[in-house]
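So you can see what is in the structure, the chains are spelled out below.
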Amino acid sequence: MIDQVWRLDIDGLQAVVEQGALGARLTLILVLLVGLSEAVGESVVLFLNRVKPRRFILSLVISAVLFAFTYGFWVLSIYLVTRFAFDSDATVVTIARIVAISYAPRLFGFLAFIPFFGVPISYALQLWSLLAMIQGVPVVLGLSPLQAVASVVLGAVLLFVLNSTIGRPITGIARWLRARAAGRPIVTDRRRLRQLVDAGPEWGLQSPADREEKRPRQRRAAG
Amino acid sequence: MLSLLLSVLFIGLLIAMFLAPLEALGWYAGWYGEGLSEPTHEEEPQYLEFGPSERHDHYVVFLDGIAKVGAENYEDVQSFLDKLSDARPATVVLGDIMPYSPRNLALTEGRPLAPFWRYALEMKLQGRRPILAFSINMRNLFQVGVAADRRYGPIYGQGEAQVILNSLIKAGYEQGSGVPITIIGYSGGAQIAVLAAPFLRRALDAPVSLISLGGIVSSDRGLMELHHYYELRGSKDRVAQLGNLIFPGKWPFFPHSYWNRIRRRGKPVRVQMGPMKHHQAGSYLDDDSEIDGRNHQDITVDTVRRLLERIDRDTQPREIELHPVGERAPYADALPQEDVSRVNRANQQLHKQVRQ
């Protein structure tokens, strides 16, 4: 199946979806693995937040579970768009399968961790996944290519709107869960991450003025 | 059979690349323990020089290329450093830093793969099994990749800056003295120098310059913090030429990249070294190859000496006062706790020497 996704073999993928070869359990496992793989690829954020090894692993697992929830909302968004905008009679299960299958290239999301080449690889995998989805949705759901693109784009917009409105408490829970797993609030935005690095663990490198204000890490550990 | 071998090689390289950032990230996250800034050198601090007239006028830190395995230098590097030190008697020349480990840990010690690296080094020194010997270069090349990655670079730079800082202070550098620091970065060492420069400049409040010796440098924000930046380049140095191609930030299409911004400010100043190569025979440090009757190494030493003089003319060290006995020297804060008592002891001995 992964091979079919790599080759964007839509006929093969259609057969997988229609024959129900990808059961609910396999779909969930696939989505969780993709989530885990991408969490590993983006784990630099956990390192920057100085998360300890055990909590690090727990954070990766939590990220995978949260990814599965995001996947669920994404499926729901596409379903609502295809049903109400394009009058498609595709079921949620069918859409869930085709979206999960199109995620297959992202199983290699952990490669984003590779220095220098990691980020371009990650973009390439996401693009491949998107192409698989845009190619797969019209065939499986019986939509025109333009409707398929619109379904995916409008689905993304709807997901964003849901996130910013009724999804806010869920986002808050997700943030809380991440902080619980990591043992501290996780900084994720680029500017604050930069500040974290500049503040750094090595107090010998801080400017004399900063050194006066902050307790050095070595002393804190010793005391 | 060949395809299987290539597949294994490819997967092996992929795993090595995947694991490459772990040392820097693990260090930053405290996975290797809390005593992160503890110096690895055991010798007593040498504060022999004292008073403005006897103070060292310049500190030079040499960061070697990707063949480096630990504190010890290869013969050509050590010879270069010795000659440079002789040419600049008032300058401290440091060449004991492992630029490809934010923990300053040699490949041959305290690592799970240390026996393998010891064997690879042995082969390298004997000139046997070139592929195995080259694995040292590959390993360090991946570390340069980590350093050139915008996600990992600042962390890596901070680790190396602390290593350099420890080495400087142990060699008697006085924080706040304004004594210039110049890093000579050979090949990938130049990238590490650029990353460490902002942290060093902030911590020591001193001008930090870079003399790149066939250096490979990405477009990093550290470029903006360099006081002087000289780029020594041989016309046969293909590796350094490649360095300009692989980093998109150095392409002319990105006028706001750090590299293109410093270019508009007239940096780096390119110094043409004649038909020198990047490494091995004919390299910048080769004392067998000659140009106009002078060997490459002597030419490089002389060029670096003249550049250091030029940097000297542009930087004036500040006066430093003697600290009363019992008070903490300003640089003491930059040392780990274990060393502060030793610094105070050294300070008291200096007082005695001055009063005698």
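Keep in mind it's a predicted model, so treat the numbers as computed, not measured. (Residues numbered from 1 in each chain as written. Chains lettered and ligands numbered in written order. Predicted model: local features only at pLDDT ≥ 70, side-chain atom pairs only at ≥ 80, totals over all residues. Heavy atoms only, no water.)

Here the focus is the overall build of chain A. Across its full length, chain A carries 12 helices and 0 strands. Going from N to C terminus, chain A has its helices and strands arranged as α-α-α-α-α-α-α-α-α-α-α-α. Relative to its full complement of 223 residues, chain A shows a buried share of 46%. Counted over contacts in chain A with a minimum sequence separation of 6, partners at least 24 positions apart contribute 71%. Of the roughly 11,700 Å² of accessible surface on chain A, a fraction of 64% belongs to carbon and sulfur atoms. (Helix = DSSP H or I, 4+ residues; strand = E, 2+ residues; numbered from the N terminus. Buried < 20%, exposed > 50% of the residue type's maximum accessible area, 1.4 Å probe, protein only. Contact = heavy atoms within 4.5 Å. Areas by Shrake-Rupley, 256 points an atom, 1.4 Å probe, with all protein chains shown as cover.)

Looking now at the overall build of chain B. Helix and strand content of chain B: 11 helices and 8 strands. Here chain B holds 356 residues, and 58% of them are scored as buried. Taking the intrachain contacts of chain B between residues at least 6 apart in sequence as the baseline, contacts between residues at least 24 apart amount to 72%. As displayed, chain B offers around 15,900 Å² of accessible surface, 56% of which is attributable to carbon and sulfur atoms.

Moving on to the pairing of strand S2 (residues 91-94) of chain B. On a regular strand, one side chain projects to one face of the sheet and the next to the other, so that they alternate. Residues and elements named next belong to chain B. Of the two faces of S2, the one holding Thr91 and Val93 and the one holding Val92 and Leu94 are both buried throughout. The pairing of strand S1 (residues 58-63) with S2 spans 4 bridges and is classified as parallel. Residue pairing for S2: Tyr59 is matched across the bridge by Val92. For the segment spanning S1, helix H3 (residues 75-87) and S2, crossover handedness is right-handed. (Pairing = 2+ DSSP bridges. Right-handed = clockwise from strand over helix to strand, strands pointing away.)

This structure, assessed with the given rule, holds 18 aromatic pairs over all chains. On the basis of an interplanar angle of 50 degrees and a centroid distance of 4.8 Å, the ring pair of Phe47 of chain A and Phe56 of chain A is categorised as tilted. By relative accessible area, Phe47 of chain A is classed as buried at 1%. Among the residues examined, Phe56 of chain A registers a relative accessible area of 9% and is labelled buried. On the basis of an interplanar angle of 75 degrees and a centroid distance of 4.9 Å, the ring pair of Tyr59 of chain B and Tyr173 of chain B is categorised as edge-to-face. (Phe/Tyr/Trp six-rings, centres within 6.5 Å; stacked < 30°, edge-to-face > 60°.)

Quick look at the pattern of salt bridges now. Residues and elements named next belong to chain B. The final tally for this structure, using the stated rule, is 16 salt bridges over all chains. Among the ionic pairs, Arg88 bridges to Asp57, the shortest N-O distance being 3.8 Å. Placement of Arg88 in the loop between H3 and S2 and of Asp57 in the loop between helix H2 (22-29) and S1 is noted, with a sequence separation of 31 residues between them. Arg88 sits in the buried class, given a relative accessible area of 7%. A salt bridge links Arg201 to Glu225, with the shortest nitrogen-to-oxygen separation between them at 3.3 Å. A residue pair is termed long-range when its members are at least 10 positions apart, and Arg201 in helix H7 (residues 188-204) and Glu225 in the loop between strand S4 (208-213) and strand S5 (229-233) qualify at 24 residues. The partly exposed category is assigned to Arg201, whose relative accessible area is 38%. One network of salt bridges, with partners in common, ties together Arg294, Asp302, Arg305, Arg306 and Glu309. (Salt bridge = Lys/Arg side-chain N within 4 Å of Asp/Glu carboxyl O.)

With that settled, the discussion passes to the nonpolar core. If you look at the biggest cluster of nonpolar residues, it comprises 81 residues, and the most contacted ones within it are Val61, Ile164, Leu168, Ile183 and Leu200 of chain B. Here this core gathers at least three residues from each of two domains, domain 1 (2-186) and domain 2 (189-223) of chain A. Setting aside its immediate chain neighbours within four residues, Val61 of chain B contacts Leu94, Ile97, Ile164, Leu168, Ile181, Thr182, Ile183 and Ile184 of chain B. Listed in part, the 26 residues of the second largest apolar core include Leu30, Phe67, Trp74 and Val75 of chain A. (Core = buried A, V, L, I, M, F, W, Y, C linked by side-chain atoms within 4.5 Å. Domains from an automatic or database assignment.)

Residues and elements named next belong to chain B. On the surface, Glu75, Asp76, Asp287, Asp288 and Glu290 cluster together into a patch of negative charge. One can find Asp287 in the loop between strand S6 (269-272) and strand S7 (290-291). Judged by its relative accessible area of 39%, Asp287 is partly exposed. (Patch = residues over 30% accessible without salt bridge, like charges linked within 9 Å, V, L, I, M, F, W, Y side chains within 5 Å. Lys, Arg positive; Asp, Glu negative; His and termini not counted. Charge placed at Lys NZ, Arg CZ, Asp CG, Glu CD.)

Shape is all these values report; function is a separate question.
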